[in-house]
Amino acid sequence: MTLRLGDIAPDFEADTTEGKIHFHDWLGSSWGVLFSHPKNYTPVCTTELGYTAKLKPEFDKRNVKAIGLSVDKLEDHHGWSKDIEETQGTALNFPLIADADKKVANLYDMIHPNASDTVTVRSVFIIDPNKKIRLTLTYPASTGRNFDEILRVIDSLQLTDKQKLATPVNWKPGDDAIIVPAVKDDEAKTLFPQGWKTLKPYLRIVKP
Ligand code: BEZ
């Protein structure tokens with residue numbers, strides 16, 4: 001099944017390093033970042049998981065729960081976790097799904113047979129508190145992801161869910177945003193009493 005933005009993230013049960021979970025129950029009212037890595041005991045994956053563990057305070061601030069997945073067995077997750085702690089200077093502080101039977105990987109289309117028919121690609125799904133998929137990413141095995149970018153997207157989504165705004169190229173929290181075109185100037189006067197700069201009628205810059 002192809003999962004698209006706005007679809008409900010499929011629910012599942014799985015064994016993880018923190019016990020069996022029922023995904024939707026585990027998410028509760030949080031945002032979620034579900035991401036797959038190709039294989040335990042590999043270098044790029046080791047750095048990605050260590051960095052994600054370091055971001056835990058940033059995820060917590062934003063009400064986000066991270067959860068990793070690979071098609072490795074639970075005992076291998078536990079063994080590899082020790083290497084992550086030793087080499088990346090941080091213990092894993094989020095669950096890792098042991099998906100040896102590829103049930104979740106197939107549900108989320110994380111195996112791309114023309115890349116590899118045995119392991120998952122580097123997938124990311126950002127899921128909102130209504131369980132809707134809000135971002136999908138697919139990276140090749142040879143390229144580690146930028147998890148700061150994943151945080152940045154969450155910041156953009158959380159801002160633009162609350163206000164009738166969009167965020168421009170390379171936006172980061174604190175930067176100016178864009179008033180969405182559907183908001184006419186009359187409504188904008190009420191929504192953005194601080195005022196805005198009109199570069200074109202469709203390009204109005206505002207400090208959120
Ligand atoms: C890595 O994490 O380094 C990696 C994993 C699978 C294929 C290539 C690289």
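Residues numbered from 1 in each chain as written. Predicted model: local features only at pLDDT ≥ 70, side-chain atom pairs only at ≥ 80, totals over all residues. Heavy atoms only, no water.

In the nomenclature of an unreviewed UniProt entry, the protein corresponds to Peroxiredoxin from the organism Solimonas marina.

**Focus: the environment of Val104**
To keep it simple, the criterion reads: Only DSSP runs of H or I covering at least 4 residues are called helices, and only runs of E covering at least 2 are called strands; the numbering of each starts at the N terminus. Whether two residues touch is decided by their heavy atoms; if any such pair falls within 4.5 Å, the residues are in contact.
Along the chain, Val104 turns up in helix α5 (residues 103-107). Val104 sits 35 residues away from Leu69 along the chain, and the two C-alpha atoms are 8.5 Å apart. Once residues within four sequence positions are removed from consideration, Val104 is found in contact with Phe12, Ala14, Leu69 and Asp99.

**A look at the environment of Asp155**
With respect to the helices and strands, Asp155 occurs in helix α6 (residues 147-162). Expressed as a C-alpha distance, the spacing of Asp155 and Gly68, which sit 87 residues apart in the sequence, is 20 Å. Setting aside residues up to four positions removed in sequence, Asp155 forms contacts with Arg62, Trp171 and Pro173.

**Some details on the nonpolar core**
As a reminder, the rule being used: The term nonpolar core refers to a set of buried residues drawn from Ala, Val, Leu, Ile, Met, Phe, Trp, Tyr and Cys, joined through side-chain atoms within 4.5 Å. Classification of residues uses two cut-offs on accessible area relative to the type maximum, computed with a 1.4 Å probe and protein chains only: under 20% is buried, over 50% is exposed, and between them is partly exposed.
Within the largest apolar cluster, 24 residues are counted, with the highest numbers of intra-cluster contacts made by Val33, Leu49, Phe59, Phe94 and Ile126. At the level of secondary structure, the elements contributing two or more residues to this core comprise β3 (31-36), α2 (43-54), β4 (64-70), α4 (74-88), β6 (122-127) and α6. The element that contributes the greatest number of residues to this core is α6, accounting for 6 residues. Ala14, Trp26, Val104 and Ile133 belong to the second largest nonpolar core, which has 22 residues in total.

**Here's the deal with the site of the ligand**
Selection rule: Here, proximity means that at least one heavy atom of the residue falls within 4 Å of the molecule or strand. Here a polar contact means two N or O atoms within 3.5 Å. Within protein one must be a hydrogen donor candidate and the other an acceptor candidate, and residues neighboring in sequence count only if both atoms are side-chain atoms. In short, Shrake-Rupley with a 1.4 Å probe defines the accessible areas, and a residue's cover is counted only from the protein chains shown. Each residue is assigned to one of three groups, with Ala, Val, Leu, Ile, Met, Phe, Trp, Tyr, Cys and Pro labelled nonpolar, Asp, Glu, Lys and Arg labelled charged, and all others, Gly among them, labelled polar.
Around the ligand, the neighbouring residues are Pro38, Thr42, Pro43, Val44, Cys45, Arg122 and Ala141. Interatomic distance of 2.7 Å between a backbone N/O atom of Val44 and an oxygen atom of the ligand. At 3.1 Å, a side-chain N or O of Arg122 approaches an oxygen atom of the ligand. If the ligand stood free it would expose 260 Å²; the protein chains cover 72% of that surface. Top contributing element to the shell around the ligand by residue count: α2, with 3 residues. Its residues assigned to classes, the shell around the ligand shows 5 nonpolar, 1 polar and 1 charged.

**What about the packing of aromatic side chains?**
Threshold: For Phe, Tyr and Trp, where Trp contributes only its six-membered ring, two rings pair if their centres lie within 6.5 Å, and the inter-plane angle classes them as stacked under 30 degrees, edge-to-face over 60, or tilted in between. By definition here, charges over rings are those cases where NZ of Lys or CZ of Arg is within 6 Å of the ring centre and within 35 degrees of the ring normal.
Taken as a whole and judged by the stated rule, the model has 6 aromatic pairs. Ring geometry for Phe35 and Phe94: centres 5.9 Å apart, planes at 50°, overall tilted. Residue Phe35 is found in strand β3, and its partner Phe94 is found in the loop between α4 and β5 (96-98); the two are separated by 59 residues along the sequence. Under the relative-accessibility criterion, Phe35 is labelled buried at 0%. In textbook terms, an aromatic cluster arises when at least three aromatic residues are bridged by ring pairs, as seen for Phe12, Phe23, Trp26, Tyr108 and Phe125. Its end group placed over the ring of Trp26, Lys65 keeps NZ or CZ at 5.0 Å from the ring centre.

**Thoughts on the UniProt feature "active site" (unreviewed entry) in the protein**
Heads up, the condition is: UniProt positions are given in the numbering used here, feature names are shortened, and annotations may be inferred rather than shown by experiment.
If you check UniProt for "active site" (unreviewed entry), the listed places come out as Cys45 in our numbering. Among all residues touching Cys45, those that are not within four sequence positions of it are His37, Pro38, Lys39, Trp80 and Arg122.

**Here we look at the pattern of salt bridges**
Put simply, the rule reads: Throughout this description, the term salt bridge denotes a Lys or Arg side-chain nitrogen within 4 Å of a carboxyl oxygen of Asp or Glu.
Counted under the stated rule, the structure contains 16 salt bridges. Here Lys20 ties to Asp15 by a salt bridge, and the two come within 3.4 Å at their closest N and O atoms. A relative accessible area of 60% means that Lys20 is categorised as exposed. Glu58 is paired through a salt bridge with Arg62; the nearest N and O atoms lie 2.8 Å apart. On the basis of relative accessible area, Glu58 is assigned to the partly exposed category, the value being 25%. Several salt bridges converge on common partners, so that one network encompasses Glu58, Lys61, Arg62 and Asp155.

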